[in-house]
Amino acid sequence: MYTLYWDRGGANMATHAMLEELGVDYQLVEIDLTRQMQKTPEYLAINPNGKVPTLLHDGHIIYESAAILIYLLDQHPESGLSPLTTSPQRGRYYQSLIWMSNTLQEAANRWAHPEHYCDNTAGQHSLQAKASQELERCWQVIEKDLHEKGPWILGDTLSGADFHLFMIAYWSRRYERRAQDYPKLQQLLRTLLNRSSIQAMLKQEGLFFEL
């Protein structure tokens, strides 16, 4: 049994959808960020960063979405959703997840929450402008890769990296630079949106993604 600590802001979409995709037993424990539940001593004992998602499995705690995806899929190699550790594709899989976490997602965070990085309004506007430029560059990098090697991030094979991309693309629907504005990216997102695991996750979280 897996336990996923989550909130309704969309930060846990990739993990939640992957649990559905794998068809494993899991339970959801909601951490209501509007009530500051992530800052309670009880939750900080689980995740000292005070963020979601966090996964509990067999007494082990894992946080950070990319790490959770790697862990989950290593528990279920039969799914075929991550390359074998001996496969040359494993490097690209790691690269994609870590790049999305450290570069794409960081730009998304700066655009969505400039107040976390700067106190004054002028500085926040400047941060958002720079973040938009970086988001545009990142989407172009992914679009080019999908055009040359797609339809998925690893080429012909769907993987956990595509689920992680779906989550960040969902966030971008309200940004100045949206993932869905790029043809190959939109094609990938539409295909994922038709999967029952994605639909189940969206329904349970009360989310809607219109492309």
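For the structure itself, look to the data block above.
About the thresholds
- Residues numbered from 1 in each chain as written.
- Predicted model: local features only at pLDDT ≥ 70, side-chain atom pairs only at ≥ 80, totals over all residues.
- Heavy atoms only, no water.
- Phe/Tyr/Trp six-rings, centres within 6.5 Å; stacked < 30°, edge-to-face > 60°.
- Helix = DSSP H or I, 4+ residues; strand = E, 2+ residues; numbered from the N terminus.
- Buried < 20%, exposed > 50% of the residue type's maximum accessible area, 1.4 Å probe, protein only.
- Contact = heavy atoms within 4.5 Å.
- Arc of directions from axis to C-beta.

### Digging into the packing of aromatic side chains
Within the structure shown, the criterion is met by five aromatic pairs. Taken together, a centroid distance of 5.5 Å and an interplanar angle of 75° make the contact between Phe-166 and Phe-209 edge-to-face. Within this pair, whereas Phe-166 is found in helix H6 (residues 160-171), its partner Phe-209 is found in the segment after helix H8 (196-205), the two being separated by 43 residues in sequence. Side by side, Phe-166 and Phe-209 carry an identical accessibility label, which is buried.

### Notes on the environment of Leu-81
Relative to the helices and strands, Leu-81 is located in the loop between helix H3 (65-75) and helix H4 (89-112). With relative accessibility at 8%, the residue Leu-81 sits in the buried group. Leu-81 sits 77 residues away from Leu-158 along the chain, and the two C-alpha atoms are 6.2 Å apart. Other than its neighbours up to four places away in sequence, Leu-81 contacts Met-18, Glu-21, Leu-22, Leu-73, Tyr-93, Leu-158, Ser-159 and Gly-160.

### Notes on helix H7 (residues 183-193)
Each α-helix turn comprises 3.6 residues. Residues three or four places apart therefore point the same way. Among the residues of H7, Leu-185, Leu-188, Leu-189, Leu-192 and Leu-193 are the ones counted as buried. Buried residues of H7 fall within an arc of 135° about the axis and therefore sit on the same side. In the core, the buried residues of H7 are packed alongside helix H5 (121-149), H6 and H8.

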